[in-house]
Amino acid sequence: MKILVIIFLLFLNIYSKDVDFKISYDPNYAPFSYNQDGKEAGLYIDIWKLWAKYNNYTIEFVDGNLWENAINLVKEGKVDFFIGTNSFEDWMVSSDFFYETKSTFFTLTKNNFLIEMKEHLKIGLIGNDYKDIILNKFPDSNIIIYNDYVESINALRNNQIDLIYDDKLAIEYFSVQNNLFHLIKPLDNLITKVKTQAITTNKEKAEIFNKGFIKIPTIELLNLEKKWILNENEQYYQNFKQPLKLTDEELNFIKNNIIKVSISNSWEPFTFKSKNSDPIGISSEYWKLILNKLNLKTKNEFYETFSQQLNSIKDKKSDLIFSVGETPQRKEYATFSKEYASFPISIVTKKDENFIENISIIKNKKIAIGNNFTAHNILKNKFPNMNFILVNSIKEGLTLVSKGKAYAFIDIQPVLFYNIAKYNFDNLKISGNTGLNFSLKFMIRDDYPILESILNKAISSISINELNSIINKWHNVQFQTSFNYDIFWKMVLVILLISLAFIYRNLTLKNINRTLKTKVEEKTKQLNEINKNLELLVEKKSRELIQKENILNHQSKMAAMGEMIENIAHQWRQPLSVISTVATAAKLKKDLKMLDDKEFYETMDIINNSSQHLSNTIDDFRNFFSNDKEVSSFNINTPIDKVIYLINSKLKNRNIQVIKSSLEINILGLENEFIQVILNIINNSIDAFEDKNDIEKYIFINIYKENSNVILTIKDNAGGIKEEIIDRIFEPYFTTKHRSQGTGIGLYMSIEIIKKHMNGEIFVSNKEYIYNNIKCKGAEFKIKLPINE
């Protein structure tokens, strides 16, 4: 009963704990902060959650609705912090910076003007954050403040402003999510880096954030960033370093104390004793970085066993161990810094084994592990019922796997890399990870809490890239444990064989030269005979190739004619129906003597107008099949509009919407052949929609300029082309349709026209994208053509 009461009180305490801090955020600042399905999300949200976790705080996020409102909640005392920006008003008290963003100008993709050459720029901002920066650079500019990206991008599209200035990643993320990425472009020559800080109203709260943020391992911040920022070149935490700011008390501690450091003799590659009695290894080199940062005075003491090291901390004979993992038992007599490196606990097998996703896949096999090694202690806590083959050394465990007496050996990944290379186990590899990690920390005697604070600040001042350069160095270490006589004798044998071959070559060279002259003469005669017939052979093959190409062209034209006949049927159906209806009505009224002159003439006008429409349709389709082969310069929109007009009825009957962007630009080529290319691609999209009746059907046509080329993309949302055949669709006679419906030459002739007749390129790929908040997938054809200047 007493236990139940205790559990109830603990439960009550957990769920009745007051919120320590309230944080306001901008819900329209993706990927940094935004509201998704009524819940806060984004990189800054995750960073604050990590801050709360490492400091045992309870936090609550408050949706500010708009940027300015979210900041004013701090000013009005309704929340403790704004989630993050730079300090730009007098009332703001900021923390140390915890992130860095890049802000820049955005303009419409079609615009090509230099900012420096334009006066009185109209610049849109979201909130007042960047107002001072803009006015300093462009004092005569007209700044317009908007509430969100939707308003500002619409203003840019409607030419109400010349530019938008805001965070580069945020605008790009918004434009991709809302299918506007093609509409705007950044001006990368004007990028400004902006530090991000937690915003509050007093120094005490700012310092609370600073002290709490230092406790977060940088590697965890980087892992969070990778979730939101996919481009490695834009990831800030790879090179993140916090400024090293020590208090007077911390500086005095460093000045007045010599730190006694406990070091292992042999824990390769983390730390071990060199021949010169110096500590070397991953942790040792990292510790040297810390020493240089802090200018610590130290005294090293080497120990044979890890138990002796732990006892030296427990007995206060040592102050610190710089390569250790944290456990509840060790926290009884020591404190630990934050994690400075983390490594997976990995699995070694023979090279012919498959990838192992996690340890549960091999739990029924024979697995060797070091008795009471770090990896063993971690695994037996996680998997207490697993039976391991316990070994006394890493070499012993690797040998069991190499000889097939154990399926796998498990240890920390750098330890495995190092020892496989050291003992030259050529038939072994790291095949996977257990799913568990080992965190390296500094272990400190429990009566030196100030040393923990000092070391945490020093760790935060070292970047992930600096750590990785140390780790990679030890991953690639090379060993030569003894002289390899086997290789030596093999080399001697090779040299001997080369010498004998050289002598033999000299002896036979004269005979070869004598026969060579005779053979050359014979081959020369044969070559002369071949040359006589070569011209006739080339002419014959050329005629065959031309004949084949003409056949393909004819087949392509006939296939296109079939499509056109179907389109003519669609175009004629309505006017023929009108003619039939009004003629029948007129005849009936005439028989009943009810047809007056006015109705008669109206009926004749309707029949005449419908007949004229039919005649115009014939002219349109006859122009399409014109054999005009004259190269000309034409506006790229013209053939596209013709194709849409020709197949308009077909599109309407299938409820397919065409969404087209326009760009006034000229290209050089055969306009009718280009029409055939566009028609082939759009007809393929229409066919792809044949059995898809439960979706909104779209075909997107987009035109934009890229350097000295014009790019035309045509994509749909019909589900895309199967990956196993997408590389073959431009082959002649390859078709995904039934033989009665497709010839397989439409796309082949399209690529021939684009490449040979228009000096362009054509590509196809499957694309996933968002349109009207709906996830779409379909094929995208991309045509790249030179611009006719």
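Residues numbered from 1 in each chain as written. Predicted model: local features only at pLDDT ≥ 70, side-chain atom pairs only at ≥ 80, totals over all residues. Heavy atoms only, no water.

Draft legend 1. Highlighting the overall build of the protein chain. Assigned secondary structure in the protein chain consists of 22 helices and 30 strands. For the protein chain, contacts bridging at least 24 residues in sequence account for 74% of all contacts bridging at least 6. For the protein chain, the accessible area works out to roughly 44200 Å², and carbon and sulfur atoms hold 52% of it. (Helix = DSSP H or I, 4+ residues; strand = E, 2+ residues; numbered from the N terminus. Contact = heavy atoms within 4.5 Å. Areas by Shrake-Rupley, 256 points an atom, 1.4 Å probe, with all protein chains shown as cover.)

Draft legend 2. Representation of the packing of aromatic side chains. By the definition in use, this model includes 55 aromatic pairs. Note on Tyr-25 and Phe-61: the rings are 6.4 Å apart at their centroids and 85° apart in plane angle, and the pair reads as edge-to-face. Taken together, the positions of Tyr-25 in strand β1 (residues 21-25) and Phe-61 in strand β5 (residues 59-63) put the pair 36 residues apart, joining distant regions of the chain. Residue classification places Tyr-25 among the buried residues on the basis of a relative accessible area of 2%. Classification of Phe-61 by relative accessible area gives buried; the value is 13%. Centroid distance Tyr-99 to Tyr-236: 5.2 Å. Interplanar angle 70°. Geometry classified as edge-to-face. Placement of Tyr-99 in strand β7 (residues 93-108) and of Tyr-236 in the loop between α8 (218-228) and α9 (248-256) is noted, with a sequence separation of 137 residues between them. (Phe/Tyr/Trp six-rings, centres within 6.5 Å; stacked < 30°, edge-to-face > 60°. Buried < 20%, exposed > 50% of the residue type's maximum accessible area, 1.4 Å probe, protein only.)

Draft legend 3. Representation of the packing of helix α2 (residues 43-55) against α8 within the structure. Contact geometry of α2 with α8 gives a least axis separation of 10 Å together with a crossing angle of 155°. Considering their axes alone, α2 and α8 lie roughly antiparallel with respect to each other. The handedness of the crossing between α2 and α8 comes out as right-handed. Here Leu-43, Asp-46, Ile-47, Leu-50, Lys-53 and Tyr-54 of α2 lie close against α8, whose contacting residues are Glu-220, Leu-221, Leu-224, Glu-225, Lys-227 and Trp-228. Considered class by class, the residues forming the contact of α2 with α8 number seven nonpolar, no polar and five charged. (Axes fitted to C-alpha atoms, helices over the stretch in contact; angles between N-to-C directions. Parallel < 35°, antiparallel > 145°, perpendicular 65-115°, else oblique. Left-handed = near helix turned anticlockwise from the far one by under 90°. Nonpolar A, V, L, I, M, F, W, Y, C, P; charged D, E, K, R; others polar.)

Draft legend 4. Summary view of the pairing of strand β29 (residues 761-771). Here β29 pairs with strand β30 (residues 774-786) via 11 bridges, running antiparallel. In the sheet register, Ile-762 faces β30, and the bridge partner there is Ile-783. What sits between β29 and β30 in their antiparallel hairpin is a turn of two residues, with Asn-772 showing a positive phi close to 55°. (Pairing = 2+ DSSP bridges.)

Draft legend 5. Summary view of the environment of Leu-43. When you line up the elements, Leu-43 lands in helix α2. Measuring from C-alpha to C-alpha, the distance between Leu-43 and Leu-224 comes to 7.0 Å, with 181 residues separating the pair along the chain. Each residue touching Leu-43, except ones within four places of it in the same chain, is listed here: Pro-31, Phe-32, Tyr-99, Leu-224, Glu-225, Trp-228 and Ile-229.

Draft legend 6. Looking closely at the nonpolar core. Core analysis: the largest hydrophobic core is formed by 67 residues, its most contacted members being Trp-287, Ile-290, Leu-320, Phe-442 and Leu-455. Setting aside residues no more than four positions away along its own chain, Ile-290 makes contact with Phe-442, Leu-455, Ala-458, Ile-459 and Ile-462. If you look at the next biggest cluster of nonpolar residues, it comprises 64 residues, including Leu-43, Ile-71, Leu-73 and Tyr-146. (Core = buried A, V, L, I, M, F, W, Y, C linked by side-chain atoms within 4.5 Å.)

Draft legend 7. Local environment of the pattern of salt bridges. Evaluation of the coordinates by the stated rule reveals 21 salt bridges. For Lys-331, the salt bridge goes to Glu-326, with nearest N and O atoms at 3.4 Å. A salt bridge links Lys-642 to Glu-671, with the nearest nitrogen and oxygen atoms 3.5 Å apart. Here Lys-642, found in helix α19 (residues 637-646), pairs with Glu-671, found in helix α21 (residues 671-688); they are 29 residues apart in sequence, far enough to count as distant. One network of salt bridges, in which partners are shared, links Lys-102, Lys-168, Glu-172 and Glu-234. (Salt bridge = Lys/Arg side-chain N within 4 Å of Asp/Glu carboxyl O.)

Draft legend 8. Focus on the packing of helix α10 (residues 282-294) against helix α15 (residues 449-460). At a closest axis distance of 10 Å, the pairing of α10 and α15 adopts a crossing angle of 105°. If you check the angle between α10 and α15, you find them roughly perpendicular. Note on element contacts: α15 touches α10 through Ile-454, Leu-455, Ala-458 and Ile-459, opposite Tyr-286, Trp-287, Ile-290 and Leu-294. Looking at the contact of α10 with α15, its residues break down into eight nonpolar, no polar and no charged.

Draft legend 9. Representation of the sheet that holds β30 in the model. Reading across from one edge, β25-β27-β28-β30-β29 is the order of the five strands in this open sheet, with mixed pairing throughout. In this open sheet, the two strands that pair with only one neighbour each are β25 (656-660) and β29. Between one strand axis and the next, the sheet turns by 20° as a mean value, whatever way the strands run. Sheet topology places strand β27 (residues 697-706) next to strand β28 (residues 709-716); eight bridges connect them, and they run antiparallel. Looking across to β28, one finds that Phe-700 is bridged to Lys-715.

Draft legend 10. Examining the sheet that holds strand β3 (residues 33-36) more closely. Here three strands make up an open sheet; going across it, the order is β2-β3-β4 and the pairing antiparallel. Single-partner strands in this sheet number two, and they are β2 (28-29) and β4 (39-41). Alignment of β2 against β3, held across two bridges, turns out to be antiparallel. Residue Asn-28 lies in a different strand from β3, and its bridge partner there is Tyr-34.

Draft legend 11. Geometry of a nonpolar patch on the surface. The grouping of Leu-493, Leu-496, Leu-497, Leu-500, Phe-502, Ile-503 and Leu-507 at the surface amounts to a nonpolar patch, some 750 Å² of accessible area in total. Residue position: Phe-502 is located in helix α17 (residues 485-591). (Patch = residues over 30% accessible without salt bridge, like charges linked within 9 Å, V, L, I, M, F, W, Y side chains within 5 Å.)

Draft legend 12. Summary view of the pairing of strand β19 (residues 341-350). Of all the 10 residues making up β19, eight are buried; the element is thus mostly covered by neighbouring parts of the structure. Direction of pairing for β19 relative to strand β23 (residues 428-445): antiparallel, over a ladder of nine bridges. By the bridge assignment, Phe-343 is partnered in β23 with Phe-438. As judged from the four bridges shared by β19 and strand β22 (residues 408-412), these two strands associate in the antiparallel manner. Of the residues in β22, the one forming a bridge with Val-348 is Phe-409.

Draft legend 13. Looking closely at the side chain of Asp-26. Following the sequence through the fold, Asp-26 ends up in the loop between β1 and β2. The side chain of Asp-26 is buried and forms no salt bridge, while Lys-49, the nearest opposite charge, is found at 17 Å. A polar contact is formed between the side chain of Asp-26 and the backbone nitrogen of Asn-28, at a distance of 3.0 Å. (Lys, Arg positive; Asp, Glu negative; His and termini not counted. Polar contact = N/O pair within 3.5 Å; in protein donor to acceptor, adjacent residues only side chain to side chain.)

Draft legend 14. The arrangement of unusual backbone geometry in detail. Residue Pro-31 follows Ala-30 across a cis peptide bond; omega there is 10°. Within the secondary structure, Pro-31 sits in the loop between β2 and β3. Following Glu-268, the chain continues into Pro-269 via a peptide bond in cis, with omega recorded as 0°. Tracing the chain through its elements places Pro-269 in the loop between β13 (266-267) and β14 (271-273). The phi dihedral of Asp-37 is positive, around 55°, even though this residue is not glycine. Inspection of the secondary structure puts Asp-37 in the loop between β3 and β4. Unusually for a residue other than glycine, Asn-707 sits at a positive phi of about 60°. Relative to the helices and strands, Asn-707 resides in the loop between β27 and β28. Judged by its relative accessible area of 70%, Asn-707 is exposed.

Draft legend 15. Spotlight on the confidence of the model for the protein chain. Averaged over every residue, the pLDDT of the protein chain is 83; residues scoring 70 or more account for 85%. Predicted confidence for residues 738-744 stays below pLDDT 50, and this span has nine contacts to residues more than four positions away or in other chains. (pLDDT = per-residue confidence, 0-100.)

Draft legend 16. Highlighting the environment of Glu-780. As for its position among the elements, Glu-780 is in strand β30. With relative accessibility at 12%, the residue Glu-780 sits in the buried group.

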